[in-house]
Structure formats: structure tokens, C-alpha cells
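Survey of secondary and tertiary structure
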There are 2 protein chains.
Amino acid sequence: MTRQFLADPFGVPVAPAAEVAPPRVRGTKLGINVVQQIVNDIVRGVLNPGSTLPPEADLCDQFGVSRTVIRESVKVVQEKGLVRIEHGRGTQVTDPRQWNLLDDVVLTAIIAHDANLSFLDELVATRTALEADMAATAAVSRAGEEKLRISAALELMRSKINNVAEFAAADAHFHDMVMAASSNRLGRAIVNSIHDKARGSMRYHGEYNEAVMRRTLDEHQAVHDAIMAKNAEAAAAAMRAHITGSWSRRRPVPETDAPAAATRRQATR
Amino acid sequence: MTRQFLADPFGVPVAPAAEVAPPRVRGTKLGINVVQQIVNDIVRGVLNPGSTLPPEADLCDQFGVSRTVIRESVKVVQEKGLVRIEHGRGTQVTDPRQWNLLDDVVLTAIIAHDANLSFLDELVATRTALEADMAATAAVSRAGEEKLRISAALELMRSKINNVAEFAAADAHFHDMVMAASSNRLGRAIVNSIHDKARGSMRYHGEYNEAVMRRTLDEHQAVHDAIMAKNAEAAAAAMRAHITGSWSRRRPVPETDAPAAATRRQATR
DNA sequence: GCAGTGACATATGACATCGTACCTGTGACG
DNA sequence: CGTCACAGGTACGATGTCATATGTCACTGC
């Protein structure tokens, strides 16, 4: 149908920037754009829950792709819980409570649209609860080999204090090793799927300078020591203080009065 | 949600020639069978991580459906994180750490294949950590209306003590209201997506008799009272004791010595 | 007047066929 | 020995056709 713009009659030349509607970069699949746009329209509220999406034919016209791509894309969006396809009736946007909030595309769209950071606060609160619990479990775990990896991860961080990028990677690795020591694959998977988003979205308010890295290192040391001492309560408290403290120091604007759960309970345990 | 019937796996042997069984029930879509079977084959280990799925043409022949259905189904499986489709190279089974463990189909398949209940233990541990934390947050929340709903939910449970099915529904509703009072939509969504699976799987043991219901009621009352008293620590402890205790009483076989995280830490806080 | 029925429009479900793009191995060629 | 062209296998995408589910509405029969 409308594929001529990429049918390159003379071979080599790169696509000129003339094409406005279809970027169509080499290597990208058409469905990804369709899925992202539909997800964004739903999350941003352009398409309200209960309303119906345009029929497949209209979407084909709107996105300039074939019905094959539209069908697969809408099915993917359904898999994310954002719409419900009904044979003969159309496709309806579902209630937000049914959305798969851990899905990468959905999570990214929600965070990007999260004006007052309330969702990021919930995300940090969830991560705090899980990691604190897993740190406590790791402290009383009998898996000695896993604990050695925690110590190794801490040493790795210390050695990367001069390289911001590698330090950040070692930071994440330390957290992952703690979770691995707890043998809770489910909790580990959940945290890992939301970890990057939380970090990448906190605007690097307080840049990763040496003071921040040293503080991070100290807090990790506290977690490490509590785990090695087999002190579950101390491990949980240290991990909780580390995550909530780190978040409150980086959070762009101070909390308003919304019932954000992340930063308030640091002292209650 | 999607009503999924757990396809009874025909044991281990390879599909005999009699696979040409297209019951083709009115109203069922072809894709869900394909998705379920592929997911089951991966979770059960018939398809190992790193191995490649048969090409689309072969899958068409194997399942007796068109390439359209195969393409959509494999794409759905990819969305669940179980495979990675690569243009020109084929479809490979991914590492289990990348699986979306909260997906309905995946979760059901994993639990069905969870011989020593280790995954259910992790599931309960995760749920415990999240719900205990949310109960604590609810205790210090200023949302008065939400707290009234918790009290109402408790009364509803009390009134349904003579109806097992309705009591179970009221039970779940009470938990949901506590989570709602914490304003943590993410945590609530995570717990709700794993709640049914945990409950449904612990059924064959410890029938829901009146003694169990009364004990559940008492434990819920303790959670309720702690929240109303704005005592975060007590609320978390009560919720933790309730969930882990309920699980340990229902768990079919006693824990071995595997590092299961669910039942050990009841007393550490 | 009203319930049942059937035609019709509209929507998604499924199939078959064709061409394109991508990756990899292989062998000819310089 | 290295490089390039080509073939084979794979997934990607378009198109056309038919099947099936659903809602609407006029028509029919009581």
C-alpha cells in the first residue's frame, strides 16, 4: 500500500528526512511504534477507560500499516491489560486496576506521565518493602556461597569509586546479590523489573558525585555487616534506611501532603 | 481477566499422531491453546533456555493452525518474556530470570509444575512483605474514609461466617481494603495478581471449616485494631503473623530444609 | 401491541499467498 | 588468505478472502 517511500530504487542512499509520518528506521519493527502510541494514548488519558478503540480498518489507515500489524499490536496491548478485545463488538479500554503495572512499556509511560511523582513514590515504597524483607531473609539464610558474593560485590563497588558508570552498575549488582541470597526469585524479579525505571527517572538531581557515592558505600556496608552478623532486623532496617534515604535525597521536589508511602516510615522500625 | 483452563498435559510422551483433535469449541480462540501449550512446554522444561523453537511453518503444522495464529501466539509468549524472537534467526527460549512471573498463564504453569512448593513459599513471602508494609502505611494514613471501609469489610466477614464462598470473598475484600488504604497502587496490583493463585493452590488441604474461619476472623480483627490505633508496627506484625500463620497451617507438606523464606521470620519483628 | 425472527451492517477471527528484510554459511574469486 | 556474492532458511509485512460473533432494525405473526 504505502511502502514506496522506503522502496529505494537506487540502493544505497540513506532515507532523507523528508518522511514525516513513517520514520521506518532499518531494524525497527512496525508493531513497536503502534503499541507504544496506543499505550501512551491510554495512559495519558486520551483514550478513557470504557471507550472503544477505532476498528482495525481505521487503525490501519491511521498508522499507515496493514491489518496484520494492527491485529498483532492490539493483541499485545491486550496482553498488557490495557484493552479487552471482544469478537464482533470492538476493543475497549479497561479499568486502570487491571493494567499490568510491571510491564516495561506501561511502566515507562506511567512514569513519564506521573506529574506529582506519586507513582514513583509508590514504586520506591514497594521496592523498599521487598528488598528490606529479602535482606532480612538473606541474613538468616544458610547459603554461605551467596553471602560471599555479597562481600565481593561490596568490594567491587569500593574499587569503582572513581568511575561513575561502573559504580552504578556495581551498586545494582550489590542489591541483586542480596536478593539472590534470599532465594526469593519472585521478589527479585519484581524488584529488578522496576529498579531501572526508578533510577533512570530520578532526574539526577543530586549528581552522582563522590560524596553521594561514599554515602552509598557506607550504607551498603551497614547492610552487609548486618547480614554477615545474621541480624535480620538490623539488615532490614539498614536496607530500608538506605533505599528511602537515597530516594528522599534525590527526589526532585519535596513531598507535598499526598499520602506518599515512601519516606515517612523510615523511623517506625 | 482471561479465563484460562489449565490444559491437562498428556504426561511426558511426545504428541502421538492423534493430535488432530480440533474440538474447536464455539467461542474459544485458537491462539490461547497455542500460547498455553508453548508456555507449558517451556516451564516444564521440554524446551530448555537457549534452545530455539521450531520455525513458524513447523508450528503451523504441529498445531494445525495458520501462520497468522502462530505469529500472534509466539508474539504473546514473547510478551511474557519466555522467548525472544529474532528476525532471520529464529525464536529462542530465554533465561528464566527474564520470565514475567506475574503473568497469569506463566504463574499458573509454574505453580502447577512446582513440585516441592518452593515457588509457593516465595510467593507467600513476597505477599507477606508487601501486605505487612501496606498495613503499616495504612495505619498512619490520614485517609479516614478508606479506614471506614476496612471496618465495614471486617463486619461483612463476620456476617458471612455461615457461607464459605462468601466468607472467602469477604476475606479477600478485607485484604484489598487494607491495601487500598495504603494508597500504594503498585503493591496492591502485585498482590492481587498473585493472591488468587496462592489461595487456589492451598485448597486441597485444611478445609475451610468454622474453626479456620473464626481464627481468620480473629487475626483480621487484630490487624484492624492495630490500624485503627494508628500503630504501624503492630499492624505490620499482625498482618505478617496472619499471612505466614495461615500459610503454615495450610501448607500441604512440612517444609524441608530448603531455604524457604515464608515461614521462618514470623517472630523476628 | 408486542415478542420473535431474520436480514443486514460492522466488528474481530482465521486462512492462504505473495513479496521483503535479515542472518548465516559456503564457495568462487582476486 | 581474505573478501565478496549468493543461496537457503528464517521472521516481517501486505493483501485478499472467507468465517464468525454481535448489535440494530424492519418485518412478521400472534
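The structure displayed is predicted, hence computed values, not measured ones.

**Considerations on the overall build of chain A**
Tallying secondary structure elements over chain A gives 10 helices and two strands in all. Along chain A, helices (α) and strands (β) appear in the sequence α-α-α-β-β-α-α-α-α-α-α-α when read from the amino end. The proportion of buried residues among the 269 residues of chain A is 45%. Pairs at least 24 apart in sequence give 67% of the contacts found in chain A among residues at least 6 apart. Taken as a whole, chain A presents about 13,500 Å² of accessible surface, with 55% of it coming from carbon and sulfur.

**Concerning helix H10 (residues 232–250) of chain A**
Compared with an ideal rise of 1.5 Å per residue, which puts 19 residues at 27 Å, H10(A) spans 27 Å between its outermost C-alpha atoms and is within 8% of the ideal. Here H10(A) starts with a cap whose side-chain oxygen sits 3.3 Å from the backbone nitrogen of A:Glu233, and that cap is A:Asn231.

**Quick word on the pattern of salt bridges**
Applying the stated criterion across every chain yields a total of 40 salt bridges over all chains. In this structure, the salt-bridge partner of B:Glu131 is B:Arg127, at a minimum N-O distance of 2.7 Å. Taken as a pair, B:Glu131 and B:Arg127 lie in helix H5 (residues 118–140) at a separation of four residues, close to a single helical turn. Exposure remark for B:Arg127: the relative accessible area of 7% places this residue in the buried category. Each of the salt bridges in this network shares a partner with another, and the network as a whole consists of A:Glu56, A:Arg67, A:Arg71, A:Lys75 and B:Glu72.

**Some thoughts on the protein's contact with DNA strand C**
Taken together, 23 residues are adjacent to DNA strand C, and A:Arg71, A:His87, B:Leu30, B:Ser66 and B:Arg89 come closest. Contacts to DNA strand C include A:Glu56, whose backbone N or O atom sits 2.9 Å from a phosphate oxygen. Interatomic distance of 2.8 Å between a side-chain N/O atom of A:Arg71 and a phosphate oxygen of DNA strand C. Listing elements by their share of the surface near DNA strand C, those giving two or more residues are helix H3 (67–79), strand E1 (83–86) and strand E2 (90–93) of chain A together with helix H3 (67–79) of chain B.

**Thoughts on unusual backbone geometry**
Residues and elements named next belong to chain B. Non-glycine residue Leu-117 carries a positive phi angle of around 65°. When you line up the elements, Leu-117 lands in the loop between helix H4 (104–112) and H5. Overall, Leu-117 belongs to the buried group, its relative accessible area being 8%. The phi dihedral of Ser-183 falls on the positive side, at around 60°, and the residue is not glycine. Turning to its location among the elements, Ser-183 is positioned in the loop between helix H7 (164–181) and helix H8 (185–201). Here Ser-183 falls in the partly exposed class, since its relative accessible area comes to 26%.

**Examining the nonpolar core**
Counting residues in hydrophobic clusters, the biggest one holds 143 residues, and the most contacted among them are A:Ile42, B:Val39 and B:Ile42. Look past the residues within four positions of B:Val39 in its chain and what remains in contact with it is B:Val77, B:Lys80, B:Leu82, B:Val105, B:Val106 and B:Ala109.

**With respect to the relation of the copies chain B and chain A**
The two copies are related by a screw motion: chain B maps onto chain A through a turn of 180° and a shift of 0.1 Å along the axis, at an RMSD of 0.1 Å. Each copy turns onto its partner about a two-fold axis. In this assembly the copies share their binding face: 100% of the residues contributing to the interface of chain B also contribute to that of chain A.

**Topic: the pairing of strand E1 (residues 83–86) of chain B**
All names here are of chain B. Strand direction decides the pairing type here: E1 and strand E2 (residues 90–93), joined by four bridges, are antiparallel. In the sheet register, Ile-85 faces E2, and the bridge partner there is Thr-91. Between E1 and E2, which pair antiparallel and follow one another directly, the connecting turn spans three residues, one of which, Gly-88, has a positive phi of 85°.

**Structural notes on the packing of helix H5 (residues 118–140) of chain A against helix H7 (residues 164–181) of chain A**
All names here are of chain A. At a minimum axis separation of 7 Å, H5 and H7 run at an interaxial angle of 60°. On the basis of their axis angle, the class for H5 and H7 is oblique. Of the two possible hands of crossing, H5 and H7 adopt the one that is left-handed. On H7, the residues that touch Arg-127, Glu-131, Met-134, Ala-135 and Ala-138 of H5 are His-175, Val-178, Met-179 and Ala-181. For the contact of H5 with H7, the residue count by class is six nonpolar, one polar and two charged.

**A word on the interface of chain B and chain A**
Across the boundary between the two partners, chain B contributes 46 residues, which contact 46 residues of chain A. Where chain B packs against chain A, one counts 10 salt bridges. Between A:Asp133 and B:Arg240 there is a salt bridge, with the nearest N and O atoms lying 3.2 Å from each other. Going through the elements one at a time, H3, H5, H8 and helix H10 (232–250) of chain B are the ones with two or more residues in the side of chain B that touches chain A. The dominant element in the side of chain B that touches chain A, judged by the number of residues it contributes, is H5(B), at 12 residues. Taken together, the residues that form the side of chain B that touches chain A break down as 18 nonpolar, nine polar and 19 charged.

**Here we look at the environment of A:Leu120**
By secondary structure assignment, the location of A:Leu120 is in helix H5. Once the C-alpha coordinates of A:Leu120 and A:Ala198 are considered, the two residues, 78 residues apart in sequence, prove to be 6.8 Å apart.

**Structural notes on H4(B)**
Three or more residues of H4(B) are buried, namely B:Val105, B:Val106, B:Leu107, B:Ala109, B:Ile110 and B:Ile111. For H4(B), the capping residue at the N-terminal end is B:Asp103, with a side-chain oxygen 2.9 Å from the backbone nitrogen of B:Val105.

**A closer look at the side chain of A:His224**
Residues and elements named next belong to chain A. Position of His-224 relative to the elements: it lies in helix H9 (residues 210–228). In terms of polar contacts, His-224 uses its side chain to reach the side chain of Asp-225, at 3.1 Å. Those residues in contact with His-224 that sit more than four places away from it in its chain are Ile-150, Ser-151, Leu-154 and Phe-174.

**Re the packing of H7(B) against helix H9 (residues 210–228) of chain B**
Residue and element names in this part refer to chain B. Running from N to C, H7 and H9 point in directions that differ by 20°, and their axes come no closer than 12 Å. Relative to H9, the element H7 is oriented roughly parallel. H9 is crossed by H7, and the crossing has left-handed handedness. Mapping the contact onto sequence places Val-164, Phe-167, Asp-171, Phe-174, His-175 and Val-178 in H7 and Met-213, Thr-216, Leu-217, His-220, Val-223, His-224 and Ile-227 in H9. For the contact of H7 with H9, the residue count by class is eight nonpolar, four polar and one charged.

**What about the environment of B:Lys160?**
Residue and element names in this part refer to chain B. Here Lys-160 lies in the loop between helix H6 (144–159) and H7. Using a relative accessible area of 24% as the deciding quantity, one classes Lys-160 as partly exposed. Sequence separation of Lys-160 and Asp-171 is 11 residues, and the distance between their C-alpha atoms is 9.7 Å. Those residues in contact with Lys-160 that lie beyond four places of it in its chain are Glu-166 and Phe-167.

Reading the values: rules and limits
- Residues numbered from 1 in each chain as written.
- Chains lettered and ligands numbered in written order.
- Predicted model: local features only at pLDDT ≥ 70, side-chain atom pairs only at ≥ 80, totals over all residues.
- Heavy atoms only, no water.
- Helix = DSSP H or I, 4+ residues; strand = E, 2+ residues; numbered from the N terminus.
- Buried < 20%, exposed > 50% of the residue type's maximum accessible area, 1.4 Å probe, protein only.
- Contact = heavy atoms within 4.5 Å.
- Areas by Shrake-Rupley, 256 points an atom, 1.4 Å probe, with all protein chains shown as cover.
- Expected span 1.5 Å × (residues − 1).
- Polar contact = N/O pair within 3.5 Å; in protein donor to acceptor, adjacent residues only side chain to side chain.
- Salt bridge = Lys/Arg side-chain N within 4 Å of Asp/Glu carboxyl O.
- Near = heavy atom within 4 Å.
- Core = buried A, V, L, I, M, F, W, Y, C linked by side-chain atoms within 4.5 Å.
- Least-squares fit on C-alpha atoms with pLDDT ≥ 70 in both.
- Pairing = 2+ DSSP bridges.
- Axes fitted to C-alpha atoms, helices over the stretch in contact; angles between N-to-C directions.
- Parallel < 35°, antiparallel > 145°, perpendicular 65-115°, else oblique.
- Left-handed = near helix turned anticlockwise from the far one by under 90°.
- Nonpolar A, V, L, I, M, F, W, Y, C, P; charged D, E, K, R; others polar.

All quantities given are derived from atomic positions and should not be read as evidence of function.
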